[in-house]
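Examining the three-dimensional arrangement
Residue-level listing of the chains:
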Amino acid sequence: MPGEMHRKMGYFSYISLPDWQKRWWDFSLDGLKEFGIESSYKTKEEKIGDSCVIPDCMGWRWDEEKYKRYKRYLLFEEKLIPHGPVGRDFNGVWTDFNEHDQYNLLLILSYYTEKFFEALRDKEFDLSVIFAGILGHIIQECSYPSHSISNLSFYNYFLGKPNIPYHDIIDKVSIMKIKIKPEIIGLTTDEISYKVWVGLEKSILWQKRNLYKILNSINKKSKNISNILRPSIEIGTKLFSDIIYTSISIITNRIKRKDIKKLERFSLCNLVPYFVHPGGRYRDIPGNFSVIDGKIKPLFLGNRRIKEGIGVSPFVSIKYILQPNIFSRFTCKVGISSITKEKEVKETGVKFIIEIDKEVNNECTPDLNYKKTEKLFQKELSFGNVFDVNLDIKKARTLIISSISEKININGSEKILFPDIVIEKPLLVK
């Protein structure tokens, strides 16, 4: 996307910081000479805005001399800085044919968050601005579907003339004013980058689900596209501000007790699964509701309506990426929905399984039997019974929740039931 919007998002992220943090982050107003910006700056916010364009200033042609000059800023000191989410090979997903790789995006955010934090901690403030700008650039690109989604899908799946430059039009979307308030999102760099990653994954999913609306707006030459994209742009702006605000607060020892308490638990409902085995009646993993007879219904366990939870059916398997050592336990309650249409049958034949893997689990098997995992919980669900779950997940990088139905005998006939399962308050706990 053009430098104008990078600068604008960076500007609004910076000015949202409290005055004491702006004073403490005492970087110079010298130009970013390494990146071709010679002139000095009048204000700090102007420099932060320009720093968000650093990856673009590096250009797109690379020779050996350029690799040597920029090595300390490159991803893992060898790969080019990505412009948004990446695929399995760390190339930008917008030029790819496939979905982005969630874990690789997390690795990128973790790497640059650590670099930024180290520079801040060591009071290398001018260096910290460079790493902040790189982080801001990546986050901002993730906020625009022109970079967060394979551009091939614009033409393969949506109506429109093949010569419409969707990428360029989306890239140029600008909004005038962004008002945000940063918050503490972690106590370590791993937790900070994980929470930013969670926010970006939700934003990217939102962009995919609204892509038809975005492209249709372009097809109709509507001026409404800025309003459509505003939520995603605001989230990207806030997440960049959250990284800076949280990092400075940790380094200066200004984390309040209420912030620490707020971080003790994190709902699994916030996470976007990186894999869903699309069996049963659910083609999506709905947060806070069930899908019964094709209709959205509230979550119920017994006579209680559940405010926070996940609805699934048998033959669904969900995989979530965790960051080891942030959370120590996974807790929830699980049972059959009391409003599912099959409640007249007590036995269900449904096995509910929770398992973990110390690595990112990429096994895909139709019988949902993941051989490399450690099974922590396995119960057969029946109507009227609710199970408490409290599991050790300290070393887990993957959390897998699955439900499988076996044939059961009902009045002399073998049947497979698809009762609706409710997972109440699925919490990652420190």
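Structure: above.
Report on the accompanying structure. Remember, it's a predicted structure, so these values are computed and weren't measured experimentally.

Under the criterion given, the structure shown has one cavity of 30 Å³ or more. The space that makes up the largest cavity amounts to roughly 30 Å³. Leu322, Gln323, Pro324, Asn325, Phe327, Ile393, Lys394 and Ala396 are the residues that line the largest cavity. Among the residues forming the lining of the largest cavity, the class breakdown is five nonpolar, two polar and one charged.

This part takes up helix α12 (residues 211-219). Since the α-helix packs 3.6 residues into each turn, any two residues three or four apart lie on the same face. For α12, the complete set of buried residues consists of Leu211, Ile214, Leu215, Ser217 and Ile218. All buried residues of α12 fall inside an arc of 155 degrees around its axis, so they share one side. Elements that come into contact with the buried residues of α12 comprise α8 (145-148), α9 (152-156), α10 (166-171), α11 (189-209) and α13 (225-251). Positive phi appears at Lys221, one or two residues downstream of α12, with a value of about 55 degrees.

Moving on: the layout of surface pockets. Volume-wise, the second largest pocket comes out at about 430 Å³. Surrounding the second largest pocket, 17 residues form its lining, Leu80, Ile81, Pro82, His83 and Gly92 being those nearest its centre. For the lining of the second largest pocket, a count of residues per class yields nine nonpolar, five polar and three charged.

Let us look at the nonpolar core. Ranked by size, the top nonpolar core spans 90 residues in total, and within it Trp25, Tyr112 and Phe330 carry the most contacts. A total of eleven residues in this core trace back to one element, the largest contributor, which is helix α7 (residues 125-142). Beyond its immediate sequence surroundings of up to four residues, Trp25 is in contact with Tyr14, Leu17, Lys44, Ile48, Phe116, Leu120, Phe125, Ser128, Val129, Ala132, Ile244 and Ile248. Among the nonpolar cores identified, the runner-up in size contains 23 residues, and Ile149, Phe154, Val173 and Ile178 belong to it.

Before going further, it helps to spend a moment on the packing of aromatic side chains. Tallying each qualifying case throughout the model produces 23 aromatic pairs. Ring geometry for Tyr111 versus Tyr112: centroids 5.2 Å apart, planes at 80 degrees, classification edge-to-face. Classification of Tyr111 by relative accessible area gives buried; the value is 16%. On the basis of relative accessibility, which here comes to 0%, the residue Tyr112 falls in the buried class. Summarising the aromatic geometry, the rings of Phe315 and Phe418 are spaced 5.7 Å apart at their centres and angled 50 degrees between planes, so their arrangement reads as tilted. Here Phe315 is found in the loop between β7 (309-312) and β8 (316-321), whereas its partner Phe418 is found in the loop between β15 (413-415) and β16 (421-429), with 103 residues between them in sequence. Here Phe315 falls in the partly exposed class, since its relative accessible area comes to 25%.

Relative to each other, helix α3 (residues 44-51) and α7 sit at 50 degrees, their axes nearing to 8 Å. When the axes of α3 and α7 are compared, the pair comes out oblique. Between α3, through Lys47, Ile48 and Ser51, and α7, the contact on the second element is made entirely by Asp126, Val129, Gly133 and Ile134. Looking at the contact of α3 with α7 residue by residue, the classes come out as three nonpolar, two polar and two charged.

All right, on to the environment of Met1 then. With respect to the helices and strands, Met1 occurs in the segment before α1 (3-15). For the pair Met1 and Lys123, spaced 122 residues apart in sequence, the C-alpha to C-alpha distance is 31 Å. Once residues within four sequence positions are removed from consideration, Met1 is found in contact with His6, Met9, Asp56, Gln140, Glu141, Tyr144, His147 and Asp171.

Conventions used here
Residues numbered from 1 in each chain as written. Predicted model: local features only at pLDDT ≥ 70, side-chain atom pairs only at ≥ 80, totals over all residues. Heavy atoms only, no water. 1 Å grid on protein atoms, 1.4 Å probe; cavity = no way out; pocket = protein on both sides within 12 Å on 5 of 7 lines; lining within 4 Å. Points joined across faces, edges and corners; volume = space filled by probe spheres on them. Nonpolar A, V, L, I, M, F, W, Y, C, P; charged D, E, K, R; others polar. Buried < 20%, exposed > 50% of the residue type's maximum accessible area, 1.4 Å probe, protein only. Helix = DSSP H or I, 4+ residues; strand = E, 2+ residues; numbered from the N terminus. Arc of directions from axis to C-beta. Contact = heavy atoms within 4.5 Å. Core = buried A, V, L, I, M, F, W, Y, C linked by side-chain atoms within 4.5 Å. Phe/Tyr/Trp six-rings, centres within 6.5 Å; stacked < 30°, edge-to-face > 60°. Axes fitted to C-alpha atoms, helices over the stretch in contact; angles between N-to-C directions. Parallel < 35°, antiparallel > 145°, perpendicular 65-115°, else oblique.

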